[in-house]
Amino acid sequence: MSVPNDGAPHSGVPDSGAPAGGAPAAGGSPRVSTQRVFPCTSCGATLEFAPGRDSLRCPYCGAEQHIQIAADRAVQEHSWDEFVRLPRKPIATLAAHVFTCPGCGAITESDAISDRCQFCGAPVVATVDGGDMVVPEAVLPFTVDRPGVREALQAWVTSRWFAPNALKKVTTAETVRSTYLPHWTYDASTSSHYTGERGEYYYETETYTVTDSEGRERTETRQVRKTAWWPASGHVSRDFDDVLVRGTSKVPPDHLDSLEPWPLPEAKPYEPDYLAGHQTLRYDVEPEEGMGVAQNRMASVIEQDCRRDIGGDEQRVHSVNTSYSRVMFKLMLLPVWVCMYLYAGKSYQVLINGRTAEVAGQRPYSKLKIALAVIAALLVVTAIVLFFVLRRN
């Protein structure tokens, strides 16, 4: 079975229980979304998710409320075959959420699933369904808190080679936002038939002539390695689990990839409570596009399987024909601290893994340090060359 990938967006996942109603067309009115509120039972303020605590905490009186998840509830994955048969829908970014702030009553619109009121800072979380987007199935909650962010940022800036010395004084970010970023995961069983060639080394004796320092010629021999190629073909199979593909284009992909690996087995079934007090981006990479990326990543692994199956000393892979079965997927939210720090009048973005504290981001470079390093390298090379020249003489 080949996996369809026609690039057209679909509706929500089949067994989410969501209605099949459509989202507004481009230029239409935003969909009025329902939203979750998290009032503190002690003082009435709005609760926020506390990283690493599996509970909601009041930022004013400190009261906590444990997040309840049914014991029999687990992260679900959805059939790709069923998904691609659903009616087409507008892409997810065309329908914004409308929030009514539980703190001050301000009405705002956002493409984010969760955010903070721009007037009073109270957390707002939309209730998502399958009407205009795929529903998140899993969330990896934050465990790194703000003090942990400061420690990670300080360790990162002090370990940067070729960074200006003044950068080490940057220990806090100008802006810090805890943000859940959307990611797709894909599972598949693959069966691949390949054709190629197996290369086996053999050696031949080669005769050649050399001239010594006094101009006399002599004949010497040496062993020359050559490769004999033989046709090869065969079959390999592999099961893939949770091939991760980013679902947003709003973050530099190289920085986001540098935050891996993620402890995906620690993910929780999706609950809006985990989003309270944190920003959550909606996906703008559609699941069909994500499937194409996942297939490319699978293809590189499958090619290595083919090379191992061919064996020999070298391998050539001419063609690989792969079929996919039991294809499953889900949308999950991963925790990232998005930081901006200011240095020499310029802003730099840094991402921090909200689970492992891994850091990746932009940094300035010291031209003086780079120039000194180049000069030092040239001096070392020059010294080595002079050593061998003098030794020969």
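What counts and what doesn't
- Residues numbered from 1 in each chain as written.
- Predicted model: local features only at pLDDT ≥ 70, side-chain atom pairs only at ≥ 80, totals over all residues.
- Heavy atoms only, no water.
- Helix = DSSP H or I, 4+ residues; strand = E, 2+ residues; numbered from the N terminus.
- Expected span 1.5 Å × (residues − 1).
- Buried < 20%, exposed > 50% of the residue type's maximum accessible area, 1.4 Å probe, protein only.
- Salt bridge = Lys/Arg side-chain N within 4 Å of Asp/Glu carboxyl O.
- Arc of directions from axis to C-beta.
- Polar contact = N/O pair within 3.5 Å; in protein donor to acceptor, adjacent residues only side chain to side chain.
- Pairing = 2+ DSSP bridges.
- Axes fitted to C-alpha atoms, helices over the stretch in contact; angles between N-to-C directions.
- Core = buried A, V, L, I, M, F, W, Y, C linked by side-chain atoms within 4.5 Å.
- pLDDT = per-residue confidence, 0-100.
- Contact = heavy atoms within 4.5 Å.

Section: helix α4 (residues 287-310)
- Taking 1.5 Å per residue as the helical rise, α4 with its 24 residues ought to reach 34 Å, and the 34 Å between its terminal C-alpha atoms agrees with that figure.
- Turning to α4, its buried residues are Pro287, Glu288, Gly290, Met291, Gly292, Ala294, Gln295, Met298, Ile302, Asp305, Cys306 and Ile310.
- Positive backbone phi, approximately 75°, marks glycine 311, located one or two places after α4.

Focus on the pattern of salt bridges
- Applying the stated rule across the entire model yields 18 salt bridges.
- Arginine 57 is paired through a salt bridge with glutamate 64; the nearest N and O atoms lie 3.3 Å apart.
- On the accessibility criterion, arginine 57 (32% relative accessible area) is partly exposed.
- For glutamate 64, a relative accessible area of 38% gives the class partly exposed.

Focus on helix α2 (residues 146-158)
- Taking 1.5 Å of rise per residue, 13 residues should cover 18 Å, and α2 covers 19 Å from first to last C-alpha, within 8% of that figure.
- Three or more residues of α2 are buried, namely Gly148, Val149, Ala152, Leu153, Trp156 and Val157. Taken around the axis of α2, the buried residues stretch over an arc of 155°, which confines them to a single face.
- With a side-chain oxygen lying 3.0 Å from the backbone nitrogen of glycine 148, the N-terminal cap of α2 falls on aspartate 145.

As for the sheet that holds strand β3 (residues 55-57)
- The strand order across the open sheet built from three strands is β2-β3-β4, with neighbouring strands paired in antiparallel fashion. Of all strands in the sheet, those bounded by a partner on one side alone are β2 (48-50) and β4 (64-66). Shown here is a sheet whose adjacent strand axes are inclined to one another by a mean of 40°, direction ignored.

So, the pairing of strand β11 (residues 175-211)
- In terms of strand pairing, β11 meets strand β14 (residues 279-280) through two bridges, oriented parallel. Within the sheet, the bridge partner assigned to tyrosine 180 lies in β14 and is threonine 280.
- Bridge analysis of β11 against strand β12 (residues 217-246) gives 28 bridges, and the strand direction is antiparallel. When the sheet's bridge partners are listed, threonine 211 is paired in β12 with glutamate 217.
- The antiparallel hairpin formed by β11 and β12 contains five residues in its connecting segment, where glycine 215 sits at a positive phi of about 85°.

Considerations on the nonpolar core
- The biggest cluster of nonpolar side chains holds 56 residues, and the ones touching the most others in it are Tyr186 and Leu275.
- When contributions to this core are tallied by element, the ones reaching two or more residues are α1 (80-84), α2, β11, β12, α4, β15 (314-343) and β16 (346-353).
- Ranked by the residues each element gives to this core, the list is headed by β15, at eight residues.
- Membership of the second largest hydrophobic core comes to 17 residues, among which are Leu140, Leu264, Met332 and Val336.

Topic: the confidence of the model for the protein
- Residues with a pLDDT of 70 or more make up 75% of the protein, whose mean pLDDT is 79.
- The secondary-structure element of the protein with the lowest mean pLDDT is strand β7 (residues 107-110), recorded at 62, while α4 shows the highest, at 96.
- Considering only residues more than four positions removed or in separate chains, one finds that residues 1-9, a stretch of pLDDT under 50, has 27 contacts.
- Contacts from residues 11-32, a stretch scored under 50 in pLDDT, to residues over four places away or in other chains number 47 contacts.

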